[in-house]
Amino acid sequence: MDTAPAPELSILLISWNTKQMTLDCIASVYEQTHDTSFEIIVLDNASSDGSVEAIREQFPDVVVMAETVNHGFSVGTNLQVPQAKGEKILLLNTDTVVLDRAIDNLMAFSRRQPQAKIWGGRTLFGDRSLNPTSCYGRLTPWNQLSQALGLTALFPRSPFFNPRAYPGWLRDSERRVDIVTGCLLLIEKSFWEELGGFNAGYFMYGDDTDLCARAIRLGAKPMITPSATIVHYGGGSTRSHTRKICQISAAHIAIIKQHYPWGWRNFGAATIVANVLIRRIGYGLAAWLRPARFGDVAANWRAAWAQREEWRHGYPSGKTSG
């Protein structure tokens, strides 16, 4: 019978063919976390690169859930949480490296700002430049229209045309945000269970947006702190850019259908479709003029547009599951 005290924190990683990144991530957690008692639970989504064997060999204390099918991020996380013994759970991407006691600092931040209920940190690219994707503003009809028309790309530093990115803020101060992304997301297990976990209809992308929207309706005030800084390389589990375009488009349409006011839903979904079409045309013209520079990206948008029947209705409606 296990009489060891429960850890304060359960750190949840979803692995899919990211063996070396996953090993580096786990090593950084152990190296940089000293003030927090924790467990690590890795759910492996049927990797073919030897991830399961390598994790078990190098980190025997890590709990490994070796799945035979790829559940995606949302369902995979929902399967992990019932196994978690910690009072809080931390979602951490496998393509990350923990820096400067980030997890200890994030736990301390959560104790100082309990009203937030969801806490996140600051992410950097591999070259240590700012990776601003640790948080976002909510989806609105205006920012979706700006995205579709290319105004966010033309004016990336404008809070008016690019409000989702919080331009001008270097993530160097504590601040309330609409969305803490799932690459580094801390939440009390009891609140996760109250929310019902991730919406199982989201395979990848959008699950954190949906979770935070539901959390805010229950009184949460998600916050970011620069004291919890990690490297987030990005894209470790998405090898095809076309696939990523399709998944993000489907996720955004699903968010719009679930969280936009009724009268704006058709308009919002249309802006996502228009976004892909405009880029399919624009990059196609650019590739005709400069094929060496724009040929590959044009091919990705052309393929995503060709596959629009797979994503233009959003992800299938899914129920939350814990």
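Before going into details, it helps to say that this report is about the structure given with it. (Residues numbered from 1 in each chain as written. Predicted model: local features only at pLDDT ≥ 70, side-chain atom pairs only at ≥ 80, totals over all residues. Heavy atoms only, no water.)

**Thoughts on the nonpolar core**
To keep things clear, this is the line we draw: We call a set of buried residues a nonpolar core when its members are Ala, Val, Leu, Ile, Met, Phe, Trp, Tyr or Cys and they connect through side-chain atoms within 4.5 Å of each other. With a 1.4 Å probe rolled over the protein chains alone, any residue whose accessible area is under 20% of its type maximum counts as buried; one over 50% counts as exposed, and the rest are partly exposed. Helix and strand assignments come from DSSP, with helices taken as H or I runs of at least 4 residues and strands as E runs of at least 2, each series counted from the N terminus. Whether two residues are in contact is decided by their heavy atoms, any of which lying within 4.5 Å being enough.
One finds Ile11 and Leu92 to be the most contacted residues of the largest nonpolar core, which totals 31 residues. Contributing elements (two or more residues each) for this core: β1 (9–15), α1 (19–32), β2 (38–45), α2 (51–58), β4 (88–92), α4 (102–112), β11 (184–188) and β12 (223–232). In contact with Ile11, other than residues within four places in its own chain, are Val29, Phe38, Glu39, Ile40, Ile41, Leu90, Leu92 and Ile103. Ranked by size, the runner-up nonpolar core spans 28 residues in total, among them Leu12, Leu43, Leu91 and Cys212.

**Considerations on the side chain of Asn199**
Tracing the sequence through the fold places Asn199 in the loop between α7 (189–195) and α8 (207–217). Classification of Asn199 as buried rests on a relative accessible area of 6%.

**Section: unusual backbone geometry**
One non-glycine residue, Asn17, lies in positive phi territory at about 55 degrees. Inspection of the secondary structure puts Asn17 in the loop between β1 and α1. Residue classification places Asn17 among the buried residues on the basis of a relative accessible area of 16%. Located in the positive-phi region is Ala46, a residue other than glycine, with phi close to 60 degrees.

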